[in-house]
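Geometric and topological summary
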Amino acid sequence: MFRFLATRLASAAVAALLSSLAVFLLMRSVPGDIVSQMLGQSGNDRTAEEALRGFFGLDRPVWAQFADWLGATLSGDLGRSWYQGRAVTTLVWEAFLVTAEIAVATLVIATLVGVPLGVLAGIREGTRTDAAIQAFNLLGLSAPVFWIGLMLLVGASALLEWSPPFAYMPPSVDLAENINIIILPVLSLSLLQAAAYSHFVRDTMVTELRREYVRAAIAKGLAPRQVYFKHALRNILIPLVTFIGLILIQILGGAVVIESLFSLPGLGRLILSGIQGRDYPVVQGALLFVVLIALVVNFVIDLLYGLIDPRLRP
Amino acid sequence: MPGSRLRLIAGAFAALVAAGPVLADDSLVYGKSDPAAKNGGKITVGSLIEPPSLDPFLQGADARIRVSGLMYQGLFFEDQTGVPRALLAKSFEVSPDAKTYTFKLREGVRFHTGQSMSSADVKYSYDWMRDSRNGSPGAGDLSSVTEIATPDATTVVFKLARPNAALPMTLTNKYGAVVPKDYFAAKDAGTKFNEVSVGTGPYKLKLFRPNSVLVLERNKDYWQKGLPHIDEVTFATMPNSAAIVVALQNRRIDLALFSRPQDTEQLKNVPGVEVKRWPSLNQKTLDLDVKYGHLKDIRVRQAIALAIDKEAVMKASIAGYGTVIGTIVIGMQDSWGVPLDQLANQKVDLDRAKKLLADAGLADGFDIDLTTIIGYDWMDAGAVTVAEQLKRIGIRVHIKKIELGVWIRNFRAREMGFTFNDWGTTPDPSLLYYRHFRAAPQGADFRNWNNEKVSALLDAGQEEPDPVKRKAIYAEFQKILADDPVSIMMFSADLITGQRDRLKNYDQHATGWYFGLIKAWLAN
C-alpha cells in the first residue's frame, strides 16, 4: 500500500510540474501581455511600458520568472492577482467553492436521474421504454450546454416571468437565494450529464445482461430483480465509478461555458478572465489547482476500485 | 444647428484667453437637473463588461472608466457639447502666452477618506500621473506640462513647455483623478483601489466582486449638495444580451447600455421598459497600416475607400442604428467636423477605384487579410459586407478573427495590417487625433503614416487657443485624412439604453460612461 501511495504521489507531482510548465510557457507564448492591455490605444510611451514591465517582472528572462513562481508555489504562495491584488489562493478557493457546488449538485441530479434511466433501458432493451430513454439520451448528448442554458433562461422568463438573480450568494449566507441562482445552470449541466450517464449505463447493462453468468442465474431460477441489481448492476460499478470520475473532471472543464452563461464567479470564469487579461499568476495558480483536483479525483477512484473489488486492492 | 456648438466653445475659449477667470457653472456639471427629483432607492445596472480593476491611473479599459467617473474626479468634466466644465476647479485663468494655467480649487471638497482636498493633493495626483515611470496611459497627454506649482492651498498652477488648448479637456475623468497626497506611498496602493475608493466623487465603493458585482453607495459628504439622488448603484456583470433583455423584462435590472443596438428590438413592446438612442463619441473604423503589403501605395488605400459603402456596412453591422461619418465621430461633427460633401473619397466610385488599382499595377486585384476582434459582434457582419464590397474591385478579402489581447499587442507594435477598429474619445480634436496620427515620438502613429504635414497640423491644432483658427487647422487635417485614408471612419453607432420607467432623468453621456446616474432619480 505504501509503495502504491508513493508511486501515485510521485507521478502526481511530475504531472503537476509538467502541466505548470506547459501553462507557464503557453501563457507567455500568446501575443500581448498585461502591459499592452493596460496601455491600450494610448500613446506609445516606451518609458511607461518599460516601467510597467519592470513592475510585473516581465522584463526578466522567462526561466527566472518560472523559477520564482515555482519556488513561491512550493512554499504555498501562488502570488497575487495583477489586477485585483488579492492572493491567488484566496481567489481560487472562493471560485472553487462555487464550481464545486455546481459540480456536486449536477453529479447528484445526473446520477439520480441517469443511472435508473440507464438501468431501465438496459433491462427493457428493444422496447418502447428503451427507445424513449435513448431519444432522451440523444437529445441531452447532442444539444450544446450553452443552448440548453439559454433556452432555460428564455423559457423561464417567458413562462414564469422569472429570471435568476445576478449576484452569486453562497448557500451558507442565503440558501433560498443560492438555489435560485444555481438552479438553471445545474439543470443545464444535469440534462447533459444525465443523458451521458443513462447512455453509458444502458450500454454497459445490455452487455452485462448478455453474459453467461446472467443466463446461468436466470436458468437457476433467481428472481429477475436479484439478477439485475445484485449481480449485473454490481458488475458495472467499476466502469461506472471511472465514468463518474471522468464526468466530474468534465464538469470542471466545462464550467467555463456554464459559468460564463450564467455569470457565476467560479473557476472557469476566473481562468477565462485571467487569460483574457493576461493575469499570469491567476491563470497559473487556478490551472495548477484544477490539475491537482483531477489528480485527486483519479487517486480516489483508484482507491474506490479496491473497495468495490477486493481483487484490485494494491 | 450646425455651428452652434462651435460658438459655445468659442465663447468659452474667448473667455479662457481673456484677462478674467472662467467660472464654473455648477448647474451644467453632469447634465441637467430635475426639480422633481427625489432622493433614495437602489438600482441595478446590467453590463456585459466589467472593469479588470478600479485603478483610475493605470487601468485604461473603457469598462473601468465607465464606472470610476462616479467615484473619482478630475479638475474638469467632459461636457459632451465639447466644453470642459470646471469640476474640482472652481475657476481658471490662462496667461497671455497660453503657457500657464492657474486653477482656483473648490473649497469644502472632501475625499472619501474624510480628508479635505487641497492644492497639494492636486499637484501630487497629476505629478504622479504625468511621470512616465509610473506607467499611466494618461502620461502622454500631459507631456507638455513642465511643472505644477501650488502657491496656496486653493491654487494650482500648470506650467507648459508649449501651449496646449486641449489641457482642460485632458484634465477630465478618463485617466487619473485627484487622490490624497502620498496615496501611492503604500506598496499595494494600486490594487487597494479595488477595496476602498479614495476619490471625491458622488459615489463611494461599497463592494467589488470581480466576475459578479460592483456596488457603489452614496457619498453623504459629497460637495454638490443634494447629489446624488440614488442611495446605491449595483453594476451586475451579465453574460450576454439575452440575459440583459430577460433581466430588464423581469425587473431584475433598471438600466443597461447595449453593445448591439439590434438586441433591443425584443424590448420595444415590453411594458415599463423604455429604449432610448443617444449620440456617441465612438466610431467604427477600418484602419490601414501604411507599411502593410499593397497598402503601402496611396492609390490602393484610396481605391479601398472608394469601394466601401459605409451605409451598407452600418446596416449590416448595427442594423442601421447609427450615423455615417466622414473623418470625425458624430458627437463632434457639428463642432469640429468637415461636411462630408467637402471630403474626398466618401462616395462609392467603383470605376475610379478600379482605375486607381490598375495605375498601381494591380488591375487583377490582390489578396489581403482583414482582421476582426473576437467579442466585437458588429465586426463579423461588417467584415463580410466589406469583403463583398471590395470583391467588386478585385480585392479578395480573407477575414481573420483574433483575440482582443493579441489585437492590442499588434496595434501597439504598429503591426495592425488591415483591421477593423472601435474607438472613442473625449470631445476634443487633439485628444481624438494626436496620439493616433502624430508621428513618433510625440504621437504613437499606429498606422505608420509618418506624415510630416499632418504632424505639423496636429502640433498647431494642439497649441492654437483660438477655436476658429483651431477648427480651420483640424479641417485641413481632416481633408488630408480623407484624401489619404489611413483610417476609413465609417460610422458612429448610437448608444442604446434600455431602462425601467421608475428610473428618471437619466441622460446617457456620449462617451458611454455613467455620469448620468449622478442626477438620475427613482420614482416609487
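Remember, it's a predicted structure, so these values are computed and weren't measured experimentally.

**Some points on the overall build of chain A**
A count of helical and extended segments in chain A gives 13 helices and zero strands. Overall, chain A shows an N-to-C arrangement of helices and strands of α-α-α-α-α-α-α-α-α-α-α-α-α. Counting only C-alpha atoms, chain A reaches 85 × 60 × 35 Å along its principal axes. Across the 314 residues that make up chain A, the buried fraction comes to 38%. Summarising the internal contacts of chain A: among those between residues at least 6 apart in sequence, 71% fall at separations of at least 24.

**Overview of the nonpolar core**
A:Ala286 and B:Ala89 are the most contacted members of the largest nonpolar core, which totals 155 residues. Per-element tally for this core: the top contributor is helix α8 (residues 175-209) of chain A, with 14 residues. In contact with A:Ala286, not counting residues within four places along its chain, are A:Val92, A:Leu267, A:Leu270, A:Ile271 and A:Gly274. Counting residues in hydrophobic clusters, the runner-up holds 63 residues, among them B:Ile328, B:Leu357, B:Tyr433 and B:Val454.

**Brief notes about the pairing of strand β16 (residues 366-373) of chain B**
Residues and elements named next belong to chain B. As paired strands, β16 and strand β17 (residues 395-402) are joined by eight bridges and run parallel to one another. Counted as the bridge partner of Ile 373 is Ile 402 from β17. Handedness of the β16-helix α11 (residues 377-391)-β17 crossover: right-handed.

**Regarding the domain arrangement of chain B**
Residues and elements named next belong to chain B. Domain assignment breaks chain B into domain 1 (4-30 + 71-187), domain 2 (31-48 + 202-279 + 494-524) and domain 3 (283-492). Taking only C-alpha atoms, the centre of domain 1 and the centre of domain 3 are 32 Å apart. Each partner contributes to the interface: domain 1 provides 21 residues, whereas domain 3 provides 18 residues. For the side of domain 1 that touches domain 3, the secondary-structure elements that each account for two or more residues are α1 (4-17) and α4 (167-170). Of the residues belonging to the side of domain 1 that touches domain 3, the class tally is ten nonpolar, six polar and five charged.

Rules and cut-offs
Residues numbered from 1 in each chain as written. Chains lettered and ligands numbered in written order. Predicted model: local features only at pLDDT ≥ 70, side-chain atom pairs only at ≥ 80, totals over all residues. Helix = DSSP H or I, 4+ residues; strand = E, 2+ residues; numbered from the N terminus. Buried ≥ 20, exposed ≤ 12 C-beta atoms within 10 Å, placed from the backbone. Contact = placed C-beta atoms within 7 Å. Core = buried A, V, L, I, M, F, W, Y, C linked by C-beta atoms within 7 Å. Pairing = 2+ DSSP bridges. Right-handed = clockwise from strand over helix to strand, strands pointing away. Domains from an automatic or database assignment. Nonpolar A, V, L, I, M, F, W, Y, C, P; charged D, E, K, R; others polar.

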